[in-house]
Protein chains: 2
Amino acid sequence: MPDNDPMAARSKTSASPAAPAAPAAEPSVPDLLIEGQPELGLRERKKLKTRIAIRRATYRLIKEQGYDATTIEQIAAAAEVSPSTVFRYFATKEDIVLSDEYDPVMVSVLMARPAGEPPLESLRFVIVQAIESFMETDYEELEQRTRLLVEVPALRARMLDSMTETTRLLAEPLAIRVGRAADDLEIRVFTAAFLSALLQTSLWWGERDCQDDLVELLNRTVDLFGSGFRL
Amino acid sequence: MPDNDPMAARSKTSASPAAPAAPAAEPSVPDLLIEGQPELGLRERKKLKTRIAIRRATYRLIKEQGYDATTIEQIAAAAEVSPSTVFRYFATKEDIVLSDEYDPVMVSVLMARPAGEPPLESLRFVIVQAIESFMETDYEELEQRTRLLVEVPALRARMLDSMTETTRLLAEPLAIRVGRAADDLEIRVFTAAFLSALLQTSLWWGERDCQDDLVELLNRTVDLFGSGFRL
DNA sequence: TCTCACTTGAGAGCTACTCTCAAAATATGA
DNA sequence: TCATATTTTGAGAGTAGCTCTCAAGTGAGA
């Protein structure tokens, strides 16, 4: 696992505090994120562009130097905004890498599932669909993100943490579907365990260099849940 | 949920950078941690004392001021050591609150389980035993820790993160017991899901003010696993 | 008692992150 | 088209967690 060489990193940054910033091409706003929106004003479009520019710059710099060696200052310089602006768009450095907008989509997909479907199968559908759509949209990024998750503890921690929120988000509609209270213990435990299992599956995939079929792995994991863990 | 008031915190710290430190009584080394040790030298005893003093000071200050408002400097002052020393004993501020030595104990308990016992039941035994022993030793701390876990996102994140290591630690002996490879996907997923479920159960307990019987809750959670999540 | 290894404190330094304030850009209404 | 209100941005100062180095202090063993 080729980790960041701290010595190299430090001497590099002290030599040139702002990164060697190739000013990056104007980011165009991908259709996916606009779709269905009622005419974005200039302000909104600019914001989206800035957001994307920051993310792109971050991924590029991390690829070149590693996560730890990449500072917010460098990211800001490369994205041609000020450091303050970076923090206005992303709460933490980890969020620049991890943030996505899939959660609400997953919730609406979940709610659209036929009544009476077992919760486990509903979640299977939701997650497989989410992953497949991610793979179609930007397979490259899925892989890089997964690799980073494997390599960088801080990112793993943040991911784990954000799953807490996802758990809450999914647990509520699930509870309703099976006629339980919104804060039901079993529902919550089930959801959290499920998400944790998915993350481990992704990590397993990443650790093996993304060679396997991720969707198949996920299905194996879901099957394991259904079997009552008879190993 | 009474969170830390940042305004109050800031004005307090800027008024008196070092905490109002009641110098704290000499900590005595609890038997539990010495048990079976072959005579601790003076040096080792001192180290243990320092470790305990830091933890005590931290818990006290957090109780008085909240987690975020408590700085390492204050902790160091209250424990009567230098800030550098605090970091020599604990890698992160979160670790001061969370670190324990239960992991290796759990592993050895797990390995002592009868061959042929279903993995789920082995883990049930391990975890119930760990919690019960924690409750006997220091119920107060268990409660305070759980409450902090509920209230402080940073602590939750760190806890989640440390579970990754616990997963690895438990997965290997488990794999051996059922005759699978050490890095088997199913074993790893199972272990991670299980631990995640336990944490959620603890949080649920904490959110309800530690009123319920934690061991009973844990057993419910394990039962849910065995049922194949038929909700 | 002397020496060696370990532990500690002091202090400088880095970076993520927060806050404030004034300037720039955009939206809005006449 | 211009003037005004609202957002967004950059600059800069500040906090705190964490790392590293180095010299001084302290327990262990001969």
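See the structure printed just above.
Residues numbered from 1 in each chain as written. Chains lettered and ligands numbered in written order. Predicted model: local features only at pLDDT ≥ 70, side-chain atom pairs only at ≥ 80, totals over all residues. Heavy atoms only, no water.

A. Seen up close, the overall build of chain A. Scanning chain A from N- to C-terminus turns up 11 helices and zero strands. Secondary structure elements of chain A, listed N to C terminal, follow the sequence α-α-α-α-α-α-α-α-α-α-α. Here the contacts in chain A between residues at least 6 apart in sequence split such that 67% fall between residues at least 24 apart. Of the accessible surface of chain A, which amounts to about 11,800 Å², a share of 54% is contributed by carbon and sulfur atoms. (Helix = DSSP H or I, 4+ residues; strand = E, 2+ residues; numbered from the N terminus. Contact = heavy atoms within 4.5 Å. Areas by Shrake-Rupley, 256 points an atom, 1.4 Å probe, with all protein chains shown as cover.)

B. Local environment of the protein's contact with DNA strand D. Near DNA strand D, the surroundings consist of 19 residues, among which A:K47, A:T85, A:R88, A:Y89 and B:K93 are the closest. Restricting attention to atoms of DNA strand D within 4 Å of the protein, one finds that 57% of them are sugar or phosphate atoms. Separating a phosphate oxygen of DNA strand D from a backbone N or O atom of A:S82 is a distance of 3.0 Å. Listing elements by their share of the surface near DNA strand D, those giving two or more residues are α3 (42-65) and α5 (83-89) of chain A together with α3 (42-65) of chain B. Counting residues per element, the surface near DNA strand D draws most heavily on α5(A), at four residues. (Near = heavy atom within 4 Å. Polar contact = N/O pair within 3.5 Å; in protein donor to acceptor, adjacent residues only side chain to side chain.)

C. Seen up close, the pattern of salt bridges. Residue and element names in this part refer to chain B. Applying the stated criterion across every chain, the model contains 34 salt bridges over all chains. Taking the shortest distance from any N to any O, the salt bridge between E141 and R55 comes out at 2.5 Å. With E141 in helix α8 (residues 119-151) and R55 in helix α3, this residue pair connects regions lying 86 residues apart in the sequence. For E141, a relative accessible area of 18% puts it in the buried group. (Salt bridge = Lys/Arg side-chain N within 4 Å of Asp/Glu carboxyl O. Buried < 20%, exposed > 50% of the residue type's maximum accessible area, 1.4 Å probe, protein only.)

D. Inspection of the relation of the copies chain A and chain B at higher detail. For the pair chain A and chain B, the superposition axis carries a translation of 0.0 Å, the fit reaches an RMSD of 0.1 Å, and the rotation angle comes to 180 degrees. Here the transformation between the copies is reduced to the relation of a two-fold axis. (Least-squares fit on C-alpha atoms with pLDDT ≥ 70 in both.)

E. Highlighting the side chain of A:T146. All names here are of chain A. Tracing the chain through its elements places T146 in helix α8 (residues 119-151). By relative accessible area, T146 is classed as buried at 7%. Setting aside its immediate chain neighbours within four residues, T146 contacts S202, W205 and G206.

F. Local environment of helix α4 (residues 72-79) of chain B. Of all eight residues that make up α4(B), six are buried, and the element is covered over most of its length. Looking one or two places after α4(B), you find B:E80, whose phi comes out positive at around 60 degrees.

G. Spotlight on the environment of B:L218. Residues and elements named next belong to chain B. Among the structural elements, L218 can be located in helix α11 (residues 214-226). C-alpha separation for the pair L218 and A193, spaced 25 residues apart in sequence, amounts to 14 Å. In contact with L218, not counting residues within four places along its chain, are I131, L198 and T201.

H. Looking closely at the interface of chain A and chain B. Contact residues are listed per partner, giving 36 residues for chain A and 36 residues for chain B. Taken as a group, A:L185, A:R188 and A:L231 account for 20% of the area that chain A buries against chain B, more than any other trio of residues on that side. At the junction of chain A and chain B, the tally comes to six salt bridges. The salt bridge involving A:R220 is made with B:E186; its shortest N-O contact spans 2.9 Å. Between the two partners, chain A and chain B, sit 12 residue pairs in polar contact (both at pLDDT 80 or more). Contributions of two or more residues to the side of chain A that touches chain B are made by α9 (153-177), α10 (185-207) and α11 (214-226) of chain A. With 15 residues, α10(A) is the single largest residue contributor to the side of chain A that touches chain B. (Buried area = accessible area lost by both parts, 1.4 Å probe.)

I. Focus on the protein's contact with DNA strand C. In the vicinity of DNA strand C lie 19 residues, with A:R43, A:K93, B:K47, B:T85 and B:R88 positioned nearest. Sugar and phosphate atoms form 61% of the subset of DNA strand C atoms that lie within 4 Å of the protein. In the model, a phosphate oxygen of DNA strand C is placed 3.1 Å from a nitrogen or oxygen of the B:S82 main chain. Elements represented by at least two residues in the surface near DNA strand C include exactly α3 of chain A together with α3 and α5 (83-89) of chain B. Take the surface near DNA strand C: its biggest share by element is four residues, from α5(B). In terms of residue class, the surface near DNA strand C is made up of five nonpolar, seven polar and seven charged. (Nonpolar A, V, L, I, M, F, W, Y, C, P; charged D, E, K, R; others polar.)

Shape is all these values report; function is a separate question.
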